[in-house]
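Structural overview
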Amino acid sequence: MPMLKLATRTAYQTLLDAAALQQADERAAIIYVETDQPDTVITRADFRREVRRYAAALKHLGVKPRDLIIVAHVQNLESIYLFWGAMLVGAIPSMFPTLTEKLDPQIYMRNMGELVRLSGVRAVLTTDDFAPTLGAAVDCPVYGSNHLRGLIPAEDVANFEPHAPAAEEIAFLQHSSGTTGLQKGVALSHQAVLNQIASYSDALALQADDVVVSWLPLYHDMGLIAGFLMPLIQGVPLVLMSPFDWVRRPSLLFRAIHAHKGTLCWLPNFAYNHCARRVRSRDIEGLSLASMRAFINCSEPVRHDSHQLFLARFASLGVCEEMLAVSYAMAENTFAVTQTPLGQSVRRDIVDGLALDEARRAVPATPDHPHARVMVSCGLPIPHTEVRVAAEDGTFLDERHVGELVIRSDCMLSGYYKRPDLDPFRDGWYFTGDMGYIADGEVYVIGRKKDLIINAGKNVYPQDIEAIINTVDGVHPGRAVVFGVPDEREGTELIAAVAEVDTDDPAEHKRIIQAIRQAVASQTTVTLNYVHLVGEKWLIKTSSGKISRAANRQKWLQERGG
Amino acid sequence: MDETTVREKMREFIKRELIRDESYDLTDDEGIITGGLMDSFALAELAVFVEEAFGVYIPDPDLTVAKMDTLNQMVARVMRDLQ
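If you're wondering where the values come from, they're calculated on a predicted model, not measured in any experiment. (Residues numbered from 1 in each chain as written. Chains lettered and ligands numbered in written order. Predicted model: local features only at pLDDT ≥ 70, side-chain atom pairs only at ≥ 80, totals over all residues. Heavy atoms only, no water.)

Turning our eyes to something else, we now look at the pairing of strand β12 (residues 294-297) of chain A. Consecutive side chains of a regular strand alternate in pointing toward one face of the sheet and then the other. All names here are of chain A. Here β12 shows two buried faces, one formed by A294 and I296 and the other by F295 and N297. As paired strands, strand β11 (residues 264-267) and β12 are joined by four bridges and run parallel to one another. Looking across to β12, one finds that C265 is bridged to F295. Following the backbone out of β11, through helix α11 (residues 269-278) and into the adjacent parallel β12, one traces a crossover that is right-handed. When β12 meets strand β13 (residues 324-329), the two strands line up parallel, connected through three bridges. Pairing of N297 across the sheet is with V326, part of β13. On the question of chirality, the crossover connecting β12 to the parallel β13 by way of helix α12 (residues 304-314) is right-handed. (Buried < 20%, exposed > 50% of the residue type's maximum accessible area, 1.4 Å probe, protein only. Helix = DSSP H or I, 4+ residues; strand = E, 2+ residues; numbered from the N terminus. Pairing = 2+ DSSP bridges. Right-handed = clockwise from strand over helix to strand, strands pointing away.)

This is the structure in structure tokens:
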């Protein structure tokens, strides 16, 4: 079978036509890399055998086509086999973050319980440690690894009959990465995912000798599609590691690229700063990154200075400017919406920042203009995806006018799972909530329409964090505000919280700050970067009596600067 | 360098760079990561700082939340290898 490209698209019916399942030979499908452990090489034959064995175990549990299966596991090979095994029996898998040492188990379980109830989850698959507790908290069976392994046939299930889905059936769900509470399940059909991979592979000029290296979590669209499904479907080796491992030891990524001659790696913007600032020199001595075709910046606003920092630090390892590419992507379009051409420097647009903010126009400016702002292009839309810029009233705007980015494609979601009340489309277009403009056909993203914060690639809803802070003893209920602060050093938006309290007592202040930070850490996947306590009446309200995030952000920034 | 100097240098660095609040009264035994004062990215940053400030290289397997959650733990790890 040829690789999946637009020209060969009709040869593929469903995701089960994946090269890693269909061409069961000795070529590497997945190379799993861990700190201080030898690499684990999974050949395509191994992959196919393991997926079938896990599928047989799921069948034994009574899992049927269209059942929703949540894989809330640590990132490991088992979670991968379970995801594909579920698809093999026709079930709908969805990857979920597992409980970590910092999260409050009660909150995690409450959220999972809601998901189980509202989405009709058939079973949750998780670690042995966590299965009994979670099982007692949710209204569906929860299976740990040992239990499942006990049901796995000892040998390959060569005669396993996979479910034969129709192309338009839902293949899996992607739960958008919110901070707390219930997330919408983005339902993607086999057809949509294959369309995306065909178009995106053309945009990348993907080749059989590419090697994808990824530390990204599989519950996030970038990790799930670019760093997991695409390589397995295309038969391109996937060098994978755990995000927890990478975040503490960022050099692991470079060691993996060097050892396996990696060519493609997707990273959110903060990762460029994290690597440049926190990889220790002795950890990368003698490594070469010259095999790379592209580091693709994706999933949060791209900063030119982050690219420059990365380039300056790793040029001696063979990184060059032409390797720094950009993509704009979202789960609702399966993944990529745009991609800059590989092997070329990304186009930069210098505009008048004041005109951009106030007149909402991207007016070209010279580099020495007093308000010059460097915008980094996200590239052209990938084939079969259209991008337009819409005004508030939904009418389309011309080039260089700022508005909401809207998209239309053949790889969009089927809908939000079991949420018929939510129609993702308006006249066939998906309104992304991202603000931006188009110049010479290339898409430039400015930020979000609402107050959403994008912190290290994660979507953070300020109202979720404010609700948590409002429950902390000592904070005036309803008198807390949360906003994002762009940070050059970290290459992402940091999260700041300001809360009104009654007391001036330093010991009491410390207790409240600790309680706020602890509450947010244990109930969400993020950490507050700034916590500032203020006296009564500090917070600015709008004329309608609501606390204004923008005005308070401005006030806080001014007080800090002064 | 004696333990007190190491401790105070680390305390100052953590407050200034990682907690971003120099007025915060960071005690020796409070959980810095589990307490939500900094995230696990900060462990990598701490490793860079420790190498630059004290010439101590903390190997990857020691950079975990379990081993590096409090100032006491961090200082003990640095002192072990400090010449």
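Residue and element names in this part refer to chain A. As assigned here, chain A comprises domain 1 (6-248), domain 2 (345-448) and domain 3 (453-561). Here the C-alpha centroids of domain 1 and domain 2 sit 31 Å apart. In this complex, domain 1 contributes 21 residues to the contact, which on the side of domain 2 involves 13 residues. Of the roughly 1,400 Å² buried between domain 1 and domain 2, counting both surfaces, carbon and sulfur atoms make up 64%. Ranking the residues of domain 1 by area buried against domain 2 places K184, A187 and S199 at the top, with a combined share of 28%. Viewed at the interface, domain 2 and domain 1 are joined by zero salt bridges. (Domains from an automatic or database assignment. Contact = heavy atoms within 4.5 Å. Buried area = accessible area lost by both parts, 1.4 Å probe. Salt bridge = Lys/Arg side-chain N within 4 Å of Asp/Glu carboxyl O.)

Quick look at the side chain of D245 of chain A now. All names here are of chain A. The residue D245 is located in helix α9 (residues 243-248) in this model. Side chain to side chain, D245 and R249 meet in a polar contact 2.5 Å long. With residues up to four places along the chain from it excluded, the contact list for D245 reads E34, T35 and L252. (Polar contact = N/O pair within 3.5 Å; in protein donor to acceptor, adjacent residues only side chain to side chain.)

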